[in-house]
Amino acid sequence: MNTILIAIVLANVLFSFKGFNDLSFFRKYEFHIASIRAGEQIRMFSSAFLHADLMHLAFNMYTLYIFSPVVFGYLGDFSFLMIYIISLFSGSLLTLYFHKNDYNYRAIGASGAVTGVLYAAILMQPDMGLYLFFIPIAIPAYLFGIGYLLYSIYGMKAKNDNIGHTAHFGGAIGGFAYTLLREPSLLTENPFMVGLLLIPIVILFVMEKTGKL
C-alpha cells in the first residue's frame, strides 16, 4: 500500500477513534455551520477526519483503497494528495454554500475527499467495471459516476436522510476539476466522456440557479 494512502487512512482512523470515545473532541472538530461562521474554519478540514461509527469509517477507507491505485497509477503521488485535499475543501465549501443559513447543520466524514478520488479515477479510466451490491454484472464506471451524482442531487433536494450529499458532490467537482487541470489532454482525447461526466455538475448549478434545490 502506498505510503501517502497509509498516512491518510491512519489519520482518519486515529482521529475518528478519538472522536468515538470523546464527545467534546467530536463536537469541537465536527462541521458545524454556526461555529464555522463564527470563525472556526478549522472545522472545514478537521470534520473530514471524523466519522459517525466504525462502519462509516470502514466504508470510506475501503472506497478510498479501491479507487486510489487508479489515481496513483495515472497521476502519481503528489496529484493524489492534491486531489484528496482539494476535494476535501471543495466538499466543505459547497456544503457551506448550500447550508450557510442553516446554523444547526452538522456534518462529518471523509466522503467529500473520497468522492473526489473516485471521480478522478472514473475520469481517468471510465471504462473500468464496477461490481456493486452483489450485482453479478459489471457496471461501467462512468455510468456509476453519473448515477451517483444524480442521486446526490436527489438527496440534496429531498433532505430525507443523514448523508452528506452536498459534500459528496463538492468533492467530485474538486476531483474532476483538478484532474482536468493536471491532464488537459483528456479534453481533446476523450471530450465525449468529459462531457458526460460534466452533465450532473451542470444540472446541479442550473437547478440551484433556478431555485429548484
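Residues numbered from 1 in each chain as written. Predicted model: local features only at pLDDT ≥ 70, side-chain atom pairs only at ≥ 80, totals over all residues. Heavy atoms only, no water.

### Quick notes on helix 11 (residues 191-209)
Point 1. Taking 1.5 Å of rise per residue, the 19 residues of helix 11 would be expected to cover 27 Å, and the 26 Å separating its terminal C-alpha atoms lies within 8% of that figure.
Point 2. At leucine 198, helix 11 is bent by approximately 35°, the largest bend along its length, and proline proline 200 sits one to four residues beyond.
Point 3. Among the residues making up helix 11, those that are buried are Met193, Val194, Leu196, Leu197, Pro200, Ile201, Leu204 and Met207.
Point 4. The elements touched by buried residues of helix 11 are helix 6 (77-99), helix 7 (111-124), helix 8 (141-158), helix 9 (165-182) and helix 10 (186-189).
Point 5. Directly after helix 11, the chain includes glycine 211, whose backbone phi takes a positive value near 75°. (Helix = DSSP H or I, 4+ residues; strand = E, 2+ residues; numbered from the N terminus. Expected span 1.5 Å × (residues − 1). Bend = angle between axes of the 7 residues up to and from the residue. Buried < 20%, exposed > 50% of the residue type's maximum accessible area, 1.4 Å probe, protein only. Contact = heavy atoms within 4.5 Å.)

### Some thoughts on the packing of helix 7 against helix 9
Point 1. It is the contact of helix 7 with helix 9, at a shortest axis distance of 7 Å, that shows an interaxial angle of 40°. In terms of their interaxial angle, helix 7 and helix 9 are classed as oblique. In this structure, the crossing between helix 7 and helix 9 has a hand that is right-handed. Touching Ser111, Gly112, Thr115, Gly116, Tyr119, Ala120, Leu123 and Met124 of helix 7 are Ala167, His168, Gly171, Ala172, Gly175, Phe176, Thr179 and Leu180, all from helix 9. (Axes fitted to C-alpha atoms, helices over the stretch in contact; angles between N-to-C directions. Parallel < 35°, antiparallel > 145°, perpendicular 65-115°, else oblique. Left-handed = near helix turned anticlockwise from the far one by under 90°.)

### Comments concerning the layout of surface pockets
Rolled over the atoms, a probe with the dimensions of a water molecule shows which regions are left empty.
Point 1. One number sums up the size of the largest pocket: a volume of about 1500 Å³.
Point 2. Every residue lining the largest pocket is counted, 50 residues in all, and those nearest its centre are Phe59, Ser111, Tyr148, Ile163 and His168.
Point 3. Looking at the lining of the largest pocket, the elements that each hand over two or more residues are helix 2 (23-29), helix 5 (54-75), helix 6, strand 2 (106-107), helix 7, helix 8 and helix 9.
Point 4. The element that contributes the greatest number of residues to the lining of the largest pocket is helix 5, accounting for 7 residues.
Point 5. When its residues are assigned to classes, the lining of the largest pocket shows 27 nonpolar, 18 polar and 5 charged.
Point 6. Here the second largest pocket is characterised by a volume of approximately 190 Å³.
Point 7. Looking at the second largest pocket, the residues that line it are Tyr97, Phe98, His99, Lys100, Met156, Lys159, Thr166, Glu208, Gly211 and Leu213.
Point 8. Looking at which element gives the most residues to the lining of the second largest pocket, the answer is helix 6, with 3 residues.
Point 9. Across the lining of the second largest pocket, the residue classes break down as 4 nonpolar, 3 polar and 3 charged. (1 Å grid on protein atoms, 1.4 Å probe; cavity = no way out; pocket = protein on both sides within 12 Å on 5 of 7 lines; lining within 4 Å. Points joined across faces, edges and corners; volume = space filled by probe spheres on them. Nonpolar A, V, L, I, M, F, W, Y, C, P; charged D, E, K, R; others polar.)

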